[in-house]
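Coordinate inspection notes
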Amino acid sequence: MAQRLDLDGKPIKAITICMIGAGGFIGSHLCEKILHETPHKILALDVYNDKIKHLLEPDSASGTAPFPDRIQFHRLNIKHDSRLEGLIKMSDLTINLAAICTPADYNTRPLDTIYSNFIDALPVVKYCSENGKRLIHFSTCEVYGKTIGSFLPKDSPLRQDPSYYVLKEDTSPCIFGSIEKQRWSYACAKQLIERLIYAEGAENGLEFTIVRPFNWIGPRMDFIPGIDGPSEGVPRVLACFSNALLRREPLKLVDGGQSQRTFIYIKDAIEAVLLMIENPARANGHIFNVGNPNNEVTVRQLAEMMTEVYAKVTGESALEKPTIDVSSKEFYGEGYDDSDKRIPDMTIINKQLGWNPKTSLWDLLESTLTYQHRTYAEAIKKVLAKPTSS
Ligand SMILES: NC(=O)c1ccc[n+]([C@@H]2O[C@H](COP(=O)([O-])OP(=O)(O)OC[C@H]3O[C@@H](n4cnc5c(N)ncnc54)[C@H](O)[C@@H]3O)[C@@H](O)[C@H]2O)c1
Ligand SMILES: O=c1ccn([C@@H]2O[C@H](COP(=O)(O)OP(=O)(O)O[C@H]3OC[C@](O)(CO)[C@H]3O)[C@@H](O)[C@H]2O)c(=O)[nH]1
């Protein structure tokens with residue numbers, strides 16, 4: 001492999017990375033990227049490893065594991081495992097991805113959500129700080145909550161002014177709903193761990209980077225209920241809509257599908273994370289939005305686009321009634337609330353790392369839905385063909 005240079009032209013040394021939550025959606029893509037394009041080693045920690053099995057196990061043709069000396073999987077739960085500190089000590093950098101991060105859990109399992117996103121992350125921060133190890137911590141765009149603009153009258157012209165809705169790391173406030181809106185349990189826990197990490201940096205010199213992902217989507221995200229996840233489970237919107245398309249059921253639009261999101265292709269976002277890993281002098285001490293401001297849609301528009309793309313990649317006709325409206329209470333239960341709009345400001349990441357997203361929403365949906373169809377269509381057909389017990 002040719003010598004890799006950082007953004008300042010200096011050679012990049014091979015490091016060992018302790019990746020917590022490596023078996024999840026983002027972790028699996030980050031492991032692939034690091035193993036294929038860098039010399040770094042990974043200590044991959046997670047409770048599950050299904051999404052990274054292809055990187056760990058011998059392939060049938062050669063009989064050897066693809067990266068035998070570069071990735072080591074440790075099946076552990078960071079809530080209660082004494083191996084955690086030792087693994088952090090063995091590494092140059094820790095990346096913490098572990099979290100409960102599906103909105104259906106925030107208001108229905110608020111305690112688990114708060115413990116997972118705050119309490120369980122505490123020892124990771126402490127071990128990094130005490131042992132002088134660098135930390136890249138995954139937070140969320142949800143720490144911004146609602147936009148200032150959402151509190152303006154519906155017909156106010158100020159709603160069109162970007163200063164009322166574009167989300168900036170160093171100036172936008174974090175606006176959550178009341179305590180009984182338990183949706184915000186996740187955002188609030190993420191905000192507090194960000195503040196703790198920031199304080200460890202300020203008071204104890206912890207070298208940290210905080211990542212705020214803005215709806216990263218792509219292959220291997222979440223699960224398809226009843227196929228590789230619980231039948232009653234509610235994943236994030238990409239998997240909910242994919243599941244409906246695969247089953248030829250209408251896509252459910254929560255509260256009219258009026259909320260807006262910007263979606264970014266996972267492969268674009270992973271490029272940004274690799275730049276953070278390999279450019280510590282430019283990334284340390286920063287909080288980075290990572291999103292694609294050009295890919296904004298309402299959830300209704302997302303449903304329409306996914307329906308169109310799915311018909312194109314499968315050759316199947318679209319349903320006559322492709323969407324149905326459901327109330328958030330019916331879909332998520334009591335205590336749900338929503339972010340109205342999420343457009344990331346890209347000034348800081350652009351200045352520090354020179355990074356920009358590339359892939360349009362149409363293109364990313366085309367490759368992702370091709371993957372979903374190839375991976376799940378047969379399994380769904382079998383499930384649907386089984387007679388249901390009455
Ligand atoms: N995907 C996104 O768009 C997005 C957006 C905002 C924030 N994030 C943040 O990025 C991180 C990763 O998200 P993701 O989409 O890959 O989610 P994911 O659920 O696919 O991955 C999280 C992984 O962490 C593991 N994990 C959870 N608790 C653990 C524990 N106690 N011990 C060991 N492993 C544990 C899970 O098994 C899972 O494999 C999360 O912190 C999430 O809050 C993601
Ligand atoms: O079947 C469905 C599912 C969802 N919706 C609506 O879509 C919007 C987006 O929902 P989702 O992708 O599940 O999650 P959020 O964007 O609200 O939150 C995530 O953002 C980042 C992260 O931190 C981690 O991924 C997480 O909290 C939303 O408006 C749903 O109501 C739908 O209409 N139909």
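Here, every reference points to the structure presented above.
Read on for an overview of the structure. Since the structure is predicted, the reported quantities are computational estimates derived from the model, not experimental observations.

1. As for the nonpolar core
Counting 69 residues, the largest nonpolar core has Met19, Ile95, Trp216, Met276, Ile277 and Val290 as its most contacted members. For this core, the leading source of residues is helix H9 (residues 266-278), giving eight residues. If we skip the residues at most four places from it in the chain, Ile95 touches Ile17, Cys18, Met19, Ile20, Leu30, Ile136, Phe138 and Ile277. Counting residues in hydrophobic clusters, the runner-up holds 23 residues, among them Leu84, Val125, Cys128 and Phe208.

2. Considerations on the site of ligand 1
What surrounds ligand 1 is a group of 24 residues, the closest being Phe25, Asp46, Asn77, Tyr186 and Trp216. Within the backbone of Phe25, an N or O atom sits 2.8 Å from an oxygen atom of ligand 1. Asp46 is positioned with one of its side-chain polar atoms (N or O) 2.7 Å from an oxygen atom of ligand 1. Contact with the protein chains removes 89% of the 820 Å² of surface that ligand 1 exposes when unbound. Of the residues in the shell around ligand 1, the class split is 14 nonpolar, seven polar and three charged.

3. Digging into the site of ligand 2
Around ligand 2 sit 23 residues in total, of which Tyr106, Glu142, Tyr186, Arg236 and Asp338 are the nearest. Within the contact set of ligand 2, an oxygen atom lies 2.7 Å away from a side-chain nitrogen or oxygen of Arg236. Here Arg261 contributes a side-chain N or O atom positioned 2.7 Å from an oxygen atom of ligand 2. Computed on the free molecule, ligand 2 has an accessible area of 670 Å², of which 95% lies beneath the protein chains in the complex. Counting only elements with at least two residues in the shell around ligand 2, the list comes to helix H4 (103-106), helix H8 (237-247), strand S9 (251-254) and helix H12 (328-332). When grouped by side-chain class, the residues that make up the shell around ligand 2 number 13 nonpolar, three polar and seven charged.

The rules behind these values
Residue numbers here run from 1 along each chain, matching the order of that chain's written sequence. Naming scheme: in the order in which they are written, chains are lettered from A and ligands are numbered from 1. Owing to the predicted nature of the model, reporting of local features is limited to residues with pLDDT of at least 70; listing and counting of side-chain atom pairs is limited to 80 or more, with chain, interface and lining totals taken over all residues. In computing side-chain properties, one takes all heavy atoms of the structure into account and sets aside hydrogens as well as water. For this analysis, a nonpolar core means a set of buried residues of the types Ala, Val, Leu, Ile, Met, Phe, Trp, Tyr and Cys, connected via side-chain atoms within 4.5 Å. Partly exposed residues are those whose accessible area sits between 20% and 50% of the maximum for their type, while under 20% is buried and over 50% is exposed, using a 1.4 Å probe and protein chains only. Starting at the N terminus, helices and strands are each numbered in turn, a helix being any DSSP run of H or I of at least four residues and a strand any DSSP run of E of at least two. Every residue pair with non-hydrogen atoms within 4.5 Å of one another is taken to be in contact. Whether a residue is near a molecule or strand depends on its heavy atoms: it is near if one of them lies within 4 Å of it. Whenever two N or O atoms come within 3.5 Å, that pair is a polar contact, provided that in protein one can donate a hydrogen and the other can accept it, and provided that, for residues adjacent in sequence, both atoms are side-chain atoms. Surface accessibility follows the Shrake-Rupley procedure with a 1.4 Å probe radius. Residue values consider only the protein chains on display as shielding. Under the scheme applied here, ten amino acids are nonpolar (Ala, Val, Leu, Ile, Met, Phe, Trp, Tyr, Cys and Pro), four are charged (Asp, Glu, Lys and Arg), and all others, including Gly, are polar.

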